[in-house]
Amino acid sequence: MRDTVEPGGDGPEVEEAWSQEDYHHPAAGWGAAVSVARVLTREHAVVSGTRAMLKMNHEDGGFDCPGCAWPDATDGLKLDLCENGIKHVAWEMTSKRAGREFFAQHTVSELATWTDFVLEDQGRLTEPMVYDAATDRYRPIEWQAAFDLIGQVLRSLDTPGQAAFYTSGRLSTEATFLYQLMAREYGTNNLPDCSNMCHEASGRALQAALGTGKGTADLKDWETAEALFILGVNAASNAPRMLTALSDAYRRGAQIVHINPLVEAAARRTIVPHEVVDMALFKSTPTSTLNLQVRPGGDLALLRGIAKAVLEEARTDPKALDEVFLERHTDGLAAYQKLCEATDWRELERQSGLSEADIRRAAEIYSRSKRTLISWCLGLTQHEHGVDTVREIVNLLLLRGNLGREGAGPSPVRGHSNVQGNRTCGIDHRPTTEFLDRLAAACGIDPAREHGLDTVRTIAAMIDGSVKVFVGMGGNFALAAPDTAATADGLRHCELTVHVSTKLNRSHLVRGRKALILPCLGRTELDLQSAGPQSTSVEDSMSMVHLSRGRKRPASPYLLSEPAIIAGMARATLPGSATPWEWYVEDYDRVRDVMAKALDGFEDFNRRVRGPLGFRLRQPARELVFRTPSGRAEFSTADLPDVVPADGVLVLQTMRSHDQWNTTIYSDDDRYRGVKNLRTLILMNRDDMRSRGIGQGALVDITATARDGSTRVLRNYRALRYDVPRGSAAGYMPEMNALVAASDYSTQSDQPLMKNIKVRVVPA
Ligand SMILES: Nc1nc2c(c(=O)[nH]1)N[C@H]1C(S)=C(S)[C@@H](COP(=O)(O)OP(=O)(O)OC[C@H]3O[C@@H](n4cnc5c(=O)[nH]c(N)nc54)[C@H](O)[C@@H]3O)O[C@H]1N2
Ligand SMILES: Nc1nc2c(c(=O)[nH]1)N[C@H]1C(S)=C(S)[C@@H](COP(=O)(O)OP(=O)(O)OC[C@H]3O[C@@H](n4cnc5c(=O)[nH]c(N)nc54)[C@H](O)[C@@H]3O)O[C@H]1N2
Ligand SMILES: [Mo]
């Protein structure tokens, strides 16, 4: 058994008093305004921050909010922003700097004892740094020398497969394209990315069912749906602009069903962030008509129960199903129908944790609605059977023809602002032959063909020595990836680790033998190349591709843009490359021109992306064109997984607090859950606490047992009573990644089981 406090000291901080209370206020509103003011002040960003916000998500020449992947308002709304977007931008625009003096003052061993909050709070990185083993410090290095070091190590490897190129989902589509081009020209498809931990399951499920691995709905559909089912997402914190869509839906009389073990803030009432009058009057709108507190992992059973009820109804009411749609566009209904009929209500109740009556209520809402949209996020994907669950969503939608028509369809909420665009533009460790052939023709390269490593396999390969170089294009792999100790072990085994970042983070300290930090421009900043100021583009959750242009003076004159850094690495690694790397970087229109040739759907990219709100990538399934083997939308027939934990075991899910952005922690508060000053907590059902002799706020030890029998422990966490289903518990990522075994990933999606950790909790 190992104690997994490593890496990352908890630092020498004194514990401030924590508190927990019931939260009764609506989502957004004044609490949000106060929280924003606090962050802006801390980052000394009040004036420039406020000015920049007015440019955010603006259709004419603003920058895309790096906060989340929710699409921009289609009505030209001038102030389309939210609390967490503002915090995220302020975080990037801070006036604090971590320059060469800072690094000269602190050894890496010392920095390693600081908290993650304090590390990032040092401010923006200002120049490239290289690790110096003699002094155990990072020291400045010239850009060219940094590129040469990377090139020299990459060229010295036995095979290109000994390097892995990670992407975090905020890289622009242009930088993404150059990054994957570099990796493939160099000779590898080792392109692990944050999607491997996020929506891999959604992509695979939608690909198999509909032939395209994306949602089909767009904002117009959100605006016209009669029923919205929202599963496994904490929208008020993680996609706050969805609150507008939900309150609008409520006002027009749509039904809104929230399915979540926790009743999250978006499932109550909201004050719409930009409705200033409502804010002044404290006027809030409900955002839910039904809340179902499903057992973690029980969504598949719930969805099947709804389908079963609809199919039962169809025996007497021919209008319960959309027969014409089913006949024309789908394949496999008979087998699915048989499966639903054969599944017993008692089993559906046991696995979902809900009563038959509750499931039937949801079914009634579904049956009465002519236009139903189903949306989901990590609560569904980070499970063993994530792919099956997303396919069950499609099954349910198909029964009533909720596809290819307004107000209907599947609508995953993506995470990072361009994570969907990263995949579209080639970040994929399993590229299709079709994609590679077209890339080869457009770029005149001979790309690597063999499939590469994803996130969990990269960790294993670093540990066993078969990957020796890790390049992180953004993100914070050391904390974001599962199994904190194992991931650290892997990174430390590397010959070279390279991180392209905006701020100091844990991944810079958990380093390879050689290590580089390469600081880049943020999305708010002016990207000036020889052809003039440059724009980049992103694709949001709903397939809209649009331009983003930063205008702020860069945090330091020595920063390079991500495309320039990639070109520098590529040239040093591939000296004979025929790819015009430098020429591309002079003018990103040139990158877009080659993307237009290489990528499906990007024809005439430069012109179309300059239209108002950009353009929507064609989603064939939306037009009822299915690139599946049958040419139709495919029903699936998955067995119901057993998700009921054994006696004494709790299913622990790891989630975000309201005041964090993935591995970036803004404060130790979680406003909508009523928690202050505490992150080392575990939310438990009161009966589960009582039966273990655990009092409110008591310190506990949490032991996770992996499938292979290995155990991982977190000690001295505080147990707090919370309204979660019995047998389940919740706590925060990234801290609790210490409990997720790297070997515990879904056999369907390869996603780590971050929402399904089997734990035992005992008083400390
Ligand atoms: N402010 C802010 N915005 C963000 C992020 C951030 O950290 N901060 N992160 C971004 C990223 S990368 C992503 S991927 C998204 C993540 O967005 P979310 O998916 O909302 O992220 P989590 O905080 O992990 O919340 C998971 C939700 O699923 C619920 N859940 C857990 N298990 C189950 C289950 O078995 N069934 C159901 N039905 N629900 C379950 C949890 O109770 C919680 O409400 O947000 C993006 N936006
Ligand atoms: N237990 C558990 N673990 C999880 C999850 C979970 O729900 N539970 N969620 C998973 C998910 S969905 C995701 S997406 C991953 C997130 O994984 P990552 O994307 O790897 O992590 P982030 O915290 O988003 O990355 C933050 C860092 O990005 C850098 N950065 C910020 N802006 C920029 C920029 O403009 N350019 C560049 N180059 N760098 C920048 C900063 O240096 C910052 O420290 O975590 C995963 N891990
Ligand atoms: Mo994500």
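For the structure, see preceding data.
Bear in mind that the values here come from a model prediction, so they are computed numbers and not experimental data.

Asks: Can you help me understand the overall build of the protein in this one?
Replies: Looking only at helices and strands, one finds 31 helices and 34 strands in the protein. Relative to the compact-globule value of 27 Å for 764 residues, the protein shows a C-alpha radius of gyration of 25 Å, a close match. In terms of overall dimensions, the protein has C-alpha extents of about 75 × 60 × 55 Å along its principal axes. Looking at the protein as a whole, 64% of its 764 residues qualify as buried.

Asks: Quick question: what am I supposed to make of the site of ligand 1 here?
Replies: Ligand 1 sits among 31 residues. The nearest are N260, E264, G297, D299 and N662. Note that a nitrogen atom of ligand 1 is positioned 3.0 Å from one of the backbone N or O atoms of I259. A distance of 2.7 Å is found between an oxygen atom of ligand 1 and a side-chain nitrogen or oxygen belonging to N260. Here ligand 1 has 910 Å² of accessible area as a free molecule, and 99% of this is covered by the chains. Those elements giving two or more residues to the shell around ligand 1 turn out to be α11 (235-238), α19 (378-381), β26 (650-655) and β27 (660-661). For the shell around ligand 1, the element with the most residues is α19, which contributes three residues. Here the shell around ligand 1 is composed, by residue class, of 13 nonpolar, 14 polar and four charged. When residues are assigned to domains, the shell around ligand 1 turns out to be shared by domain 3 (200-412) and domain 4 (650-763), each giving three or more.

Asks: How do you make sense of the site of ligand 2 when you look at a structure like this?
Replies: Lining the immediate environment of ligand 2, one finds 31 residues, of which Y166, S168, A480, E562 and T663 sit closest. In this structure, R170 approaches ligand 2 through a side-chain N or O atom, which is 3.2 Å from a nitrogen atom. Considering ligand 2 on its own, with 920 Å² of exposed area, one finds that the protein chains cover 98% of that surface. Partitioned by chemical class, the residues of the shell around ligand 2 number 12 nonpolar, 13 polar and six charged. Looking at the shell around ligand 2, you find at least three residues from each of domain 2 (126-197 + 418-618) and domain 4 (650-763).

Asks: Explain the nonpolar core here, please?
Replies: Side chains that are nonpolar tend, in soluble globular proteins, to be buried together. Grouped together as the largest cluster of nonpolar side chains are 62 residues, with contacts concentrated most on F165, F177, Y179, L516, L518 and M569. With eight residues, helix α8 (residues 173-186) is the single largest residue contributor to this core. Those residues in contact with M569 that sit more than four places away from it in its chain are F147, I150, M182, V471 and M473. One finds L206, A227, L326 and L354 within the second-largest nonpolar core, a separate group that totals 51 residues.

Asks: Honestly, the sheet that holds strand β24 (residues 615-616) in this entry has me stumped. Any pointers?
Replies: Adjacent strands of a sheet pair through backbone hydrogen bonds, lying either parallel or antiparallel. One open sheet holds the three strands; their spatial order is β22-β23-β24, and the pairing between them is antiparallel. Each edge of the sheet is formed by a strand with only one pairing partner; in this case those strands are β22 (536-539) and β24. As defined by bridge partners, β22 adjoins strand β23 (residues 544-548) across four bridges and the pair is classed as antiparallel. Across the sheet, residue V538 finds its bridge partner in β23, namely H546.

Asks: Any chance you could explain the pairing of strand β17 (residues 469-473) here in plain terms?
Replies: Each regular strand shows side chains that alternate between the opposite faces of the sheet. Summarising burial for β17: five of the five residues are buried, a large majority. The pairing of strand β8 (residues 163-167) with β17 spans five bridges and is classified as parallel. By the bridge assignment, A163 is partnered in β17 with V469.

Asks: Please explain the pattern of salt bridges as it appears in this structure.
Replies: Side chains bearing opposite charge may pair, as long as their charged atoms lie close to each other. The tally for this structure, following the rule as stated, stands at 50 salt bridges. Across the pair E495 and R513 runs a salt bridge whose closest N-O atoms are separated by 3.0 Å. With E495 in the loop between α25 (484-493) and β18 (496-501) and R513 in the loop between α26 (506-509) and β19 (514-519), the pair connects residues that are 18 residues apart, well separated along the chain. Accessibility expressed as a relative area gives 55% for R513, which makes it exposed. A salt bridge links R590 to E586; its shortest N-O distance comes to 2.9 Å. You can call E586 partly exposed: its relative accessible area is 32%. Connected via shared salt-bridge partners are D193, E200, R204, R423, D454, R457 and D750.

Asks: What should I look at first to understand the side chain of D659 in this one?
Replies: On the secondary structure map, D659 appears in the loop between β26 and β27. Among the polar contacts listed, one links the side chain of D659 to the side chain of S667, at a separation of 2.5 Å. Ignoring sequence-local partners within four residues, the contact set of D659 consists of S35, K87, I665, Y666, S667 and D669.

Asks: Looking at this structure, how should I read the packing of helix α9 (residues 200-210) against helix α20 (residues 386-399)?
Replies: Relative placement of two packed helices is described by the angle separating their axes and the distance separating the axes. Running from amino to carboxyl end, α9 crosses α20 at an angle of 45 degrees, the nearest separation of the two axes being 8 Å. Of the possible angle classes, the one that applies to α9 and α20 is oblique. The handedness of the crossing between α9 and α20 is right-handed. Contact residues: A201, S202, R204, A205, L206, A208, A209 and L210 in α9; G386, V387, V390, R391 and V394 in α20.

Asks: What is the right way to read the pairing of β8 from this model?
Replies: Across the five residues of β8, five count as buried, placing the element largely inside the fold. Going residue by residue along β8, you find A163, F165 and T167 tucked away on one face and A164 and Y166 tucked away on the opposite face as well.

Asks: Just to check I follow, could you spell out the sheet that holds strand β16 (residues 409-412) for this structure?
Replies: Read across the open sheet, the five strands follow the order β13-β10-β9-β15-β16; overall the sheet is parallel. Edge positions in the sheet fall to β13 (290-292) and β16, since each of these pairs with one other strand and no more. Along the sheet, successive strands turn relative to each other by an average axial angle of 15 degrees, direction set aside. Bridge count for strand β9 (residues 227-231) against strand β15 (residues 372-376) is five bridges, and the pairing is parallel. Within the sheet, the bridge partner assigned to F229 lies in β15 and is I374.

Asks: Would you explain unusual backbone geometry in this entry?
Replies: Working note: non-glycine residues mostly have negative phi, and peptide bonds are mostly trans. With an omega of -5 degrees, the peptide bond running from M733 to P734 counts as cis. Of note, P734 is situated in the loop between β33 (728-732) and β34 (757-763). Within the chain, D483 stands out as a residue other than glycine whose phi angle is a positive 55 degrees. On the accessibility criterion, D483 (2% relative accessible area) is buried. Phi is positive for D750, which is not a glycine, with a value near 65 degrees. Among the residues examined, D750 registers a relative accessible area of 12% and is labelled buried.

Asks: When you look at the environment of F165 in this model, what are you seeing that I'm missing?
Replies: Position of F165 among the secondary structure elements: in strand β8. Residue classification places F165 among the buried residues on the basis of a relative accessible area of 1%. Those residues in contact with F165 that sit more than four places away from it in its chain are L154, Y179, M182, A183, Y186, T188, N190, L191, P192 and V471.

Cut-offs used in this document
- Residues numbered from 1 in each chain as written.
- Chains lettered and ligands numbered in written order.
- Predicted model: local features only at pLDDT ≥ 70, side-chain atom pairs only at ≥ 80, totals over all residues.
- Heavy atoms only, no water.
- Helix = DSSP H or I, 4+ residues; strand = E, 2+ residues; numbered from the N terminus.
- Rg over C-alpha atoms; globule rule 2.2 N^0.38 Å.
- Buried < 20%, exposed > 50% of the residue type's maximum accessible area, 1.4 Å probe, protein only.
- Near = heavy atom within 4 Å.
- Polar contact = N/O pair within 3.5 Å; in protein donor to acceptor, adjacent residues only side chain to side chain.
- Areas by Shrake-Rupley, 256 points an atom, 1.4 Å probe, with all protein chains shown as cover.
- Nonpolar A, V, L, I, M, F, W, Y, C, P; charged D, E, K, R; others polar.
- Domains from an automatic or database assignment.
- Core = buried A, V, L, I, M, F, W, Y, C linked by side-chain atoms within 4.5 Å.
- Contact = heavy atoms within 4.5 Å.
- Pairing = 2+ DSSP bridges.
- Salt bridge = Lys/Arg side-chain N within 4 Å of Asp/Glu carboxyl O.
- Axes fitted to C-alpha atoms, helices over the stretch in contact; angles between N-to-C directions.
- Parallel < 35°, antiparallel > 145°, perpendicular 65-115°, else oblique.
- Left-handed = near helix turned anticlockwise from the far one by under 90°.

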